[in-house]
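What the coordinates show
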Amino acid sequence: MTALKRQEQGTGTGRTTRPHRRQWRRVLVVAAGALALVLVGLAFLLRAPAPVGHWTSAAGRAHFMTAYRAAMRDMPPATAVRDVRTDFGFVRVYRYEGSARRAEPLVLLPGRASASPVWADDLPFLLGIGDVYTIDLLGEPGMSVQEAPITSAADHAAWLDQVLERLPEDSFHVIGLSVGGWTAANLAVHRPGRVATLTLIDPVYTFSEMPLGTAVRAIPASVPWLPKSWRDSFNSYVAGGAPVQDVPIADMIESGMRHYTLRLPQPTLLGRDALRGLRMPVLAILAGRSVVHDVATSRQVAGSVLRNGTVVEYPDASHAINGEHPAEIAADIAAFLNAHGRRSGPGDGSG
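Residues numbered from 1 in each chain as written. Predicted model: local features only at pLDDT ≥ 70, side-chain atom pairs only at ≥ 80, totals over all residues. Heavy atoms only, no water.

1. Quick word on the overall build of the protein
A count of helical and extended segments in the protein gives 12 helices and 12 strands. Taking contacts inside the protein between residues at least 6 apart in sequence as the whole, the part at least 24 apart equals 79%. About 15,800 Å² of surface is accessible on the protein, with carbon and sulfur atoms providing 56% of the total. (Helix = DSSP H or I, 4+ residues; strand = E, 2+ residues; numbered from the N terminus. Contact = heavy atoms within 4.5 Å. Areas by Shrake-Rupley, 256 points an atom, 1.4 Å probe, with all protein chains shown as cover.)

2. Focus on the pairing of strand 11 (residues 282-287)
Of all 6 residues making up strand 11, 6 are buried, and the element is well covered by its neighbours. The two faces of strand 11 match: Val282, Ala284 and Leu286 on one face and Leu283, Ile285 and Ala287 on the other face are all buried. With 4 bridges joining them, strand 9 (residues 195-201) and strand 11 adopt parallel strand pairing. Directly across from Ile201, in strand 11, lies its bridge partner Ile285. Of the strand pairs in this sheet, strand 11 and strand 12 (residues 309-314) are connected by 6 bridges, and their pairing is parallel. Along strand 12, the bridge assignment pairs Leu283 with Thr310. (Buried < 20%, exposed > 50% of the residue type's maximum accessible area, 1.4 Å probe, protein only. Pairing = 2+ DSSP bridges.)

3. Some remarks on the pairing of strand 4 (residues 89-96)
The buried fraction of strand 4 is high, at 7 of 8 residues. Relative to strand 4, strand 3 (residues 80-86) is paired through 7 bridges, and the arrangement is antiparallel. Note on strand 4: the bridge partner recorded for Val81 is Tyr94. Here strand 3 folds back onto strand 4, and the loop between the two strands holds 2 residues. Relative to strand 7 (residues 145-146), strand 4 is paired through 2 bridges, and the arrangement is antiparallel. Paired with Gly89 across the two strands is Gln146, which belongs to strand 7. Here strand 4 runs beside strand 6 (residues 132-135); their pairing, made up of 4 bridges, is antiparallel. Paired with Val93 across the strands is Ile135, a residue of strand 6.

4. Looking at the environment of Ala70
You can see Ala70 is positioned in helix 2 (residues 58-72). Classification of Ala70 as partly exposed rests on a relative accessible area of 22%. Separated by 182 residues in sequence, Ala70 and Met252 have C-alpha atoms that sit 8.3 Å apart.

5. Notes on helix 8 (residues 248-259)
For helix 8, with 12 residues, the first-to-last C-alpha span of 16 Å sits near the 16 Å given by 1.5 Å per residue. Inspection of helix 8 places Ala250, Met252, Ile253, Glu254, Ser255, Gly256 and His259 among the buried residues, and these make up the whole buried set. (Expected span 1.5 Å × (residues − 1).)

6. Re the environment of Asp170
Within the secondary structure, Asp170 sits in the loop between helix 4 (153-165) and strand 8 (172-177). On the accessibility criterion, Asp170 (67% relative accessible area) is exposed. Asp170 sits 25 residues away from Val195 along the chain, and the two C-alpha atoms are 9.1 Å apart.

7. Re the packing of aromatic side chains
This model, assessed by the stated rule, comprises 4 aromatic pairs. Aromatic side chains Trp55 and Tyr260 sit 4.9 Å apart centroid to centroid with 75° between the ring planes, which places their arrangement in the edge-to-face category. One end of the pair, Trp55, is in strand 2 (residues 54-55); the other, Tyr260, is in strand 10 (residues 260-261), with 205 residues separating them in the sequence. Across this residue pair, the class does not change: Trp55 and Tyr260 are buried. Relative to Phe172, the ring of Tyr133 lies with its centre 6.3 Å away and its plane at 70°, an arrangement referred to as edge-to-face. Remark: Phe172 occurs in strand 8 and Tyr133 occurs in strand 6; sequence separation between them is 39 residues. (Phe/Tyr/Trp six-rings, centres within 6.5 Å; stacked < 30°, edge-to-face > 60°.)

8. A closer look at the pattern of salt bridges
Oppositely charged side chains can pair when the atoms bearing their charge come close. As enumerated under the stated definition, the model contains 14 salt bridges in all. A salt bridge links Arg194 to Asp161, with the shortest nitrogen-to-oxygen separation between them at 2.8 Å. Of this pair, Arg194 sits in the loop between helix 5 (179-190) and strand 9 while Asp161 is found in helix 4, placing the two residues 33 residues apart along the sequence. Salt bridges linked by common partners bring Arg95, Glu97, Arg101, Asp131 and Glu169 together as one network. (Salt bridge = Lys/Arg side-chain N within 4 Å of Asp/Glu carboxyl O.)

9. Brief notes about the side chain of Ser116
Of note, Ser116 is situated in the loop between strand 5 (106-109) and helix 3 (123-126). Within the local environment of Ser116, its side chain forms a polar contact with the side chain of Asp136, the two groups lying 2.7 Å apart. The contacts of Ser116, once residues within four sequence positions are left out, are Met75, Tyr94, Pro110, Thr134, Ile135 and Asp136. (Polar contact = N/O pair within 3.5 Å; in protein donor to acceptor, adjacent residues only side chain to side chain.)

10. Let's talk about the environment of Pro117
Of note, Pro117 is situated in the loop between strand 5 and helix 3. Owing to a relative accessible area of 3%, Pro117 belongs among the buried residues under this scheme. As a C-alpha pair, Pro117 and Thr134 span 17 residues in sequence and 8.9 Å in three-dimensional space. Those residues in contact with Pro117 that sit more than four places away from it in its chain are Tyr68, Ala71, Met72, Met75, Ile249 and Met252.

Everything listed here is a matter of geometry and, on its own, says nothing about what the molecule does.
Shown next as C-alpha cells:
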C-alpha cells in the first residue's frame, strides 16, 4: 500500500464534537430524510411507467443532443465509434488511438450525466499513455440506450463486463471518475476478469458515504421542473465554486439532469470486505476539497484495505479534479501503469 500527496496539508484542530452538536446533526438527518421521503412520494405520484432510463420528451432529447454535440467538439476525433449490444441495451463506445502502445488500452468511465465529453481536457494527455476507449454509461443521459431494467450492483457489473467482452482486447486499465469510479470498482468486485488495473478518480460511495450537506443540496438539483439556476448552483458547488454558465460540458450535464429520467438503483457503499478482496493494482486519486465523500475517511479506508493500492491526494482539488489537474492525473496514471502494466510496441507510455 503506497500513500502519496501532491503537497503537505495542515492538520485538524483536534476539537471534539459537543453532545448538543451531535443532537443537532441527528435532527438534520431526520429532517433531510423526511424531505427525501416527501420528494420520493411526489416522484412516485408523477412517475413515468417506463422501467428504464428515458427522455422526458422529444424536445428534451433534442436539447440534450445539441449540448452533447457542442461538448464533443472539444474532444479529438474518434478513431472508431461503436454501439455495443448488451443484455441491458446498447452502449456507446468511442475509441481513440494513442501515441504509445500497451497490451491493454485504457477504458474511461464518466460521472453522472456527464458522458464521454467530460474527458475532453484529459484525453490529450492520456493518449500519450496508450489507446483509449470512452464509454457513455448505460442508464445515464448520453448516446447509450437502456432497454432492460438495471436493478442491482450485479447488473451494473454485468452490462459493463459484456461491453469489455465484445471489444477486441482481453483486458483493460479501467479508469472511473465520480460515479464512474464506483462503476469501475463495482465491476472489479463482481466481475474482475478483464480488469488489469483499476484507477478511481474521486469516486463516490467507494471508500466513504456522501456527506449529509451534499446529499441535502442534491435533492432540489435532482428535481427537473425546478429552475435551471438550482442545478447550476449545485454543479458549481461540486466543482469548488467554479462558474458553470456557458461551459459546454456543464450545459450538457444540466440538460441531462433536466430532460432524462434515471431508472437506476442508488449506488451503495461497496464496503471494506469487498475492497479488501480486490487483487488487481488500484490507484485511488482523491480531491482534497471534494464534497461528495469524506476525504479523511476515504484516505484512511483506501490506505488500509487495498491489498495492492496507491493513494494520491490533490489537496487543492475539487470534485472537478479531472478538469483542474489533467496533466498531473495522466502523469500519475502513467507512473502507476509503468509500475504495474504491460506495454507492447514503441513508446514508454510516460507522455
